[in-house]
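Letter by letter, the chains look like this.
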Amino acid sequence: MKTEIYSTAEEVAAQAAKYIEEKIRAGILEKGQFSLAISGGRTPWEMMKILVKAKLRWEKVNIFQVDEREAPDGHPDRNLTQLFQSLEGSGILTRVNIFPMHTVADDLSAETEEYSKIIHQVTGEGILDLVHLGLGSDGHTASLIPGDPVCEVTDRDIALTEQPYQGRKRITMTYPLINRAKEIVWIVTGKEKAEMLKRLQNQDPGIPAGRINPANSLILADEAASQSN
Ligand SMILES: O=C1O[C@H](COP(=O)(O)O)[C@@H](O)[C@H](O)[C@H]1O
């Protein structure tokens, strides 16, 4: 697992966008399409705002959600709402293929199966080209929440959390799917992440993030997050 440290969160966002742009370009050249999974929370959106300005064949890019909160469509708590906002004005909205996690349904469990099927149909083999991950200050990543049984799911690629977390139940990619990805890019910024960044780098299985496959993983962090390293 490689770590690169940049002075500010803005620099991290710019480097992440550049890195992912290159991966997308190479992936499309090699096999005609690219499947990217984007996390939610606070950190991805600066990176996305930069990435969407790249001159890429966006119609060949599939964007999946790593996780989503159970909330109405358009709600500010939804990662999808933030994702759409970061794409606004970029002109790629009508070209890129976005696959939203549906959280407004009578049977959310059926939705998880459906999302998993879509990933398999689109990618062919259920392997994402690149998964972007964030790191919570409690060590969670995606919606793999400390103490939630969703962390023990090994027979499904998408699952529901059992408990609400920060007021909302969640849908999330599980370890098997994330750990099969060809590449994982972490964006970790802010001093409140310092302790967990260290534990992530040490692959500490005591936090959900520590159980993510370190192979082909790149951590992009700012100085604030790496202050105790
Ligand atoms: O709740 C969540 O938090 C993590 C970390 O978010 P960030 O605010 O530090 O960027 C995020 O990766 C996850 O997708 C999100 O649902």
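Residues numbered from 1 in each chain as written. Predicted model: local features only at pLDDT ≥ 70, side-chain atom pairs only at ≥ 80, totals over all residues.

Enquirer: Please explain the confidence of the model for the protein chain as it appears in this structure.
Expert: Parts of the prediction with low pLDDT should not have their coordinates interpreted in detail. Per-residue confidence for the protein chain gives a mean pLDDT of 96; residues scoring 70 or more make up 99%. Among the scores for the predicted complex, ipTM is 0.97 and pTM is 0.97. (pLDDT = per-residue confidence, 0-100.)

Enquirer: What am I meant to see in the sheet that holds strand E9 (residues 184–188) here?
Expert: The strands that make up a sheet pair up through hydrogen bonds in the backbone, lying either parallel or antiparallel. Here we have 7 strands laid out as an open sheet, ordered E1-E10-E9-E6-E2-E3-E5, and parallel in their pairing. What marks the edges here is a single partner per strand, and that holds for strand E1 (2–6) and strand E5 (97–99). The average undirected angle you get between the axes of adjacent strands in this sheet is 20°. In this sheet, E9 lies alongside strand E6 (residues 130–134) in parallel orientation, the contact comprising 4 bridges. Within the sheet, the bridge partner assigned to Gly134 lies in E9 and is Ile187. Along the sheet, helix H1 (residues 9–31) contacts E1, strand E2 (34–38), strand E3 (61–65), E6, E9 and strand E10 (217–222); its crossing angle with E10, the most-contacted strand, is approximately 155°. (Pairing = 2+ DSSP bridges. Helix = DSSP H or I, 4+ residues; strand = E, 2+ residues; numbered from the N terminus. Axes fitted to C-alpha atoms, helices over the stretch in contact; angles between N-to-C directions. Contact = placed C-beta atoms within 7 Å.)

Enquirer: Is there a simple way to explain helix H2 (residues 44–51) in this structure?
Expert: Count 3.6 residues to each turn of an α-helix, and residues three or four apart come out pointing the same way. Of the positions making up H2, those classed as buried are Pro44, Met47, Met48 and Leu51. Projected down its long axis, H2 carries its buried residues within an arc of 100°, all on one side. Among the structural elements, H1, E2, helix H3 (79–87), E6 and E9 are those in contact with the buried residues of H2. (Buried ≥ 20, exposed ≤ 12 C-beta atoms within 10 Å, placed from the backbone. Arc of directions from axis to C-beta.)

Enquirer: Hey, could you run me through the environment of Ser217 in this one?
Expert: Residue placement: Ser217 occurs in strand E10. Judged by the 20 C-beta atoms lying within 10 Å of it, Ser217 is buried. Taking the C-alpha atoms as reference, Ser217 lies 9.7 Å from Leu130; in sequence the two are 87 residues apart. Setting aside chain neighbours within four positions, we find Ser217 in contact with Met1, Ile184, Trp186 and Ile212.

Enquirer: Sorry, what's going on with helix H4 (residues 108–123) here?
Expert: When the terminal C-alpha atoms of H4 are compared, their 23 Å separation across 16 residues agrees well with the 22 Å that a helix rising 1.5 Å per residue should span. Those residues of H4 not exposed but buried are Thr112, Tyr115 and Ile119. Buried positions in H4, seen along its axis, are confined to an arc of 60° and lie on one side of it. Facing away from the buried surface of H4 by more than 90 degrees, the exposed residues are Ala110 and Gln121. Packing partners of the buried residues in H4 comprise E3, strand E7 (158–160) and strand E8 (170–173). Of the residues one or two after H4, Gly124 is the one with positive phi, at around 90°. (Expected span 1.5 Å × (residues − 1).)

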